[in-house]
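Next come the chains, spelled out residue by residue.
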Amino acid sequence: MTDVKRIIYSITFILTVFSGYSQDWRDEMLLLQYSPRYFGPSAFPVPELRVGGLGERVEAELRGEYHHYSGDVTRDIFVRLYVPVAEGRAGLELSMVAYEYYSLSQETVEERHAAGRSWSKGAIGDLIVSSYYRLLKDSRGADITLEAALKTASGTRLVDARFTDAATYWFDVNIGRIFYQSADNKYNISAQGLVGFYCWMTNDMVHRQNDAVVYSGGISSRLWNFSLSADVAGLYGYQSNGDRPVQLRTKLDYDYKGNILSFRFKHGRKDNLYDTYSLAYIRRF
């Protein structure tokens, strides 16, 4: 009987230890803070300004990104497909982070209540479905575009606070105007602005969702095959729990017969902790 009791006690001890680890893991997930400050750099995407309104050609993009701050180094591959509808009066866009590899410091793991510092298989991002509608475009170059977007709950590694595994949607109006254009149409200067409503689901049983104002404003210029743009963009959430990120974004494009090389730099402020460098190839068909 003594041997039998020892076996039973041993099995009970092992089950208790593993049960305790499992419970700790689930307890940590309940402490996740669903806001941009406490998630990965691509969990809460801020809409892009539509420089020049809606395109009339199909676009396919492949982008490599490097996100960095002292507590997290992230590398990812981003893909995007844009399809015009009704001769450019509307458009449909699909985009997502196809693969993300990350390495967190122990301090960041503890701050975000993540399960670990990295994951050998990496993470897959959320699929974003965006629809665009041209509301106005006149001969002087002014344009107004409406965007309605849904970020699905398809991302992985919620346990490491990479993607939220919760639906997000937003609506915004993009307004742009050309202020100067050369007679030969090789040079112009324009300004754009964006404002809208941004909402995401949380794990808070009292506040099941967080609402925010999404905004952006900037200028752009085109000279021959080069285009340069800069803007300030961000979210302003009502809970003030790390939900007010700001980005300073710059982009330089070179277009050669529908083949575009695009370099971007984003500097994070307030609740956006990351600096991001990216290089993309875009093909227009």
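Before reading further, recall that the structure is shown in the block above.
Quantities reported herein were computed from a predicted structural model and do not represent experimental measurements. (Residues numbered from 1 in each chain as written. Predicted model: local features only at pLDDT ≥ 70, side-chain atom pairs only at ≥ 80, totals over all residues. Heavy atoms only, no water.)

**Q** Please provide a residue-by-residue account of the overall build of the chain, values included.
**A** The secondary structure content of the chain amounts to two helices and twelve strands. Going from the N terminus to the C terminus, the chain shows its helices and strands as α-β-β-β-α-β-β-β-β-β-β-β-β-β. The 285 residues of the chain split such that 41% are buried. When contacts within the chain are restricted to residue pairs at least 6 apart in sequence, those whose partners lie at least 24 apart make up 57%. Accessible area for the chain stands at about 15,200 Å²; split by element, carbon and sulfur atoms hold 63% of it. (Helix = DSSP H or I, 4+ residues; strand = E, 2+ residues; numbered from the N terminus. Buried < 20%, exposed > 50% of the residue type's maximum accessible area, 1.4 Å probe, protein only. Contact = heavy atoms within 4.5 Å. Areas by Shrake-Rupley, 256 points an atom, 1.4 Å probe, with all protein chains shown as cover.)

**Q** Quick one: what's the story with the packing of aromatic side chains, residue by residue and with numbers?
**A** Applying the stated criterion across every chain yields a total of twelve aromatic pairs. A centroid spacing of 6.0 Å and a plane angle of 85 degrees characterise the contact between F39 and F44, whose relative ring orientation is edge-to-face. Of the aromatic side chains, those joined through ring pairs into one cluster are Y34, F39, F44, W170, Y198 and W200. Taking NZ or CZ as reference, R157 lies 3.9 Å from the ring centre of W119, over its face. Note that R283 overlies the ring of F285, its terminal NZ or CZ placed 5.4 Å from the centroid. (Phe/Tyr/Trp six-rings, centres within 6.5 Å; stacked < 30°, edge-to-face > 60°. Lys NZ or Arg CZ within 6 Å of the ring centre and 35° of its normal.)

**Q** Can you tell me about the sheet that holds strand β8 (residues 209-223), naming the residues and giving the values?
**A** As summarised here, the arrangement of the twelve strands in space is β1-β2-β3-β4-β5-β6-β7-β8-β9-β10-β11-β12, forming a closed barrel in which the pairing is antiparallel. The sheet shows a mean angle of 20 degrees between the axes of neighbouring strands, taken without regard to direction. Note: strand β1 (residues 59-69) against strand β12 (residues 275-284), ten bridges, orientation antiparallel. Across the sheet, R63 pairs through a bridge with A280, a residue of β12. (Pairing = 2+ DSSP bridges. Axes fitted to C-alpha atoms, helices over the stretch in contact; angles between N-to-C directions.)

**Q** Lay out the pattern of salt bridges with the relevant residues and their values.
**A** Tallied over the entire structure, the rule returns 20 salt bridges. Two residues, D72 and R162, come together in a salt bridge whose shortest N-O distance is 3.0 Å. Of this pair, D72 sits in strand β2 (residues 72-85) while R162 sits in the loop between β5 (143-151) and β6 (168-181), and the two are 90 residues apart along the sequence. Of the two residues examined, D72 and R162, each falls in the buried class. One network of salt bridges, in which partners are shared, links R50, E59, E61, R63, E65, R80, E93, D255 and R284. (Salt bridge = Lys/Arg side-chain N within 4 Å of Asp/Glu carboxyl O.)

**Q** Can you tell me about unusual backbone geometry, naming the residues and giving the values?
**A** Despite not being glycine, S240 has its phi angle at roughly 55 degrees, a positive value. Along the polypeptide, S240 turns up in the loop between β9 (226-237) and β10 (245-256).

**Q** Residues and numbers for the pairing of β9, please.
**A** In this sheet, β9 lies alongside β8 in antiparallel orientation, the contact comprising twelve bridges. When the sheet's bridge partners are listed, Y215 is paired in β9 with G234. From the end of β8 to the start of β9, which pair antiparallel, there are two residues, and W224 there has a positive phi angle of about 55 degrees. In this sheet, β10 lies alongside β9 in antiparallel orientation, the contact comprising nine bridges. Paired with A233 across the strands is Q247, a residue of β10.

**Q** Go over the environment of R117, please, and point to the residues and values.
**A** Checked against the element boundaries, R117 lands in the loop between α2 (106-112) and β4 (128-137). With 45 residues separating them in the primary sequence, R117 and D72 have C-alpha atoms 9.0 Å apart. Beyond its immediate sequence surroundings of up to four residues, R117 is in contact with Y102, S103, L104, S105, Q106 and V109. There is a polar contact of 2.7 Å between the side chain of R117 and the backbone oxygen of L104. (Polar contact = N/O pair within 3.5 Å; in protein donor to acceptor, adjacent residues only side chain to side chain.)

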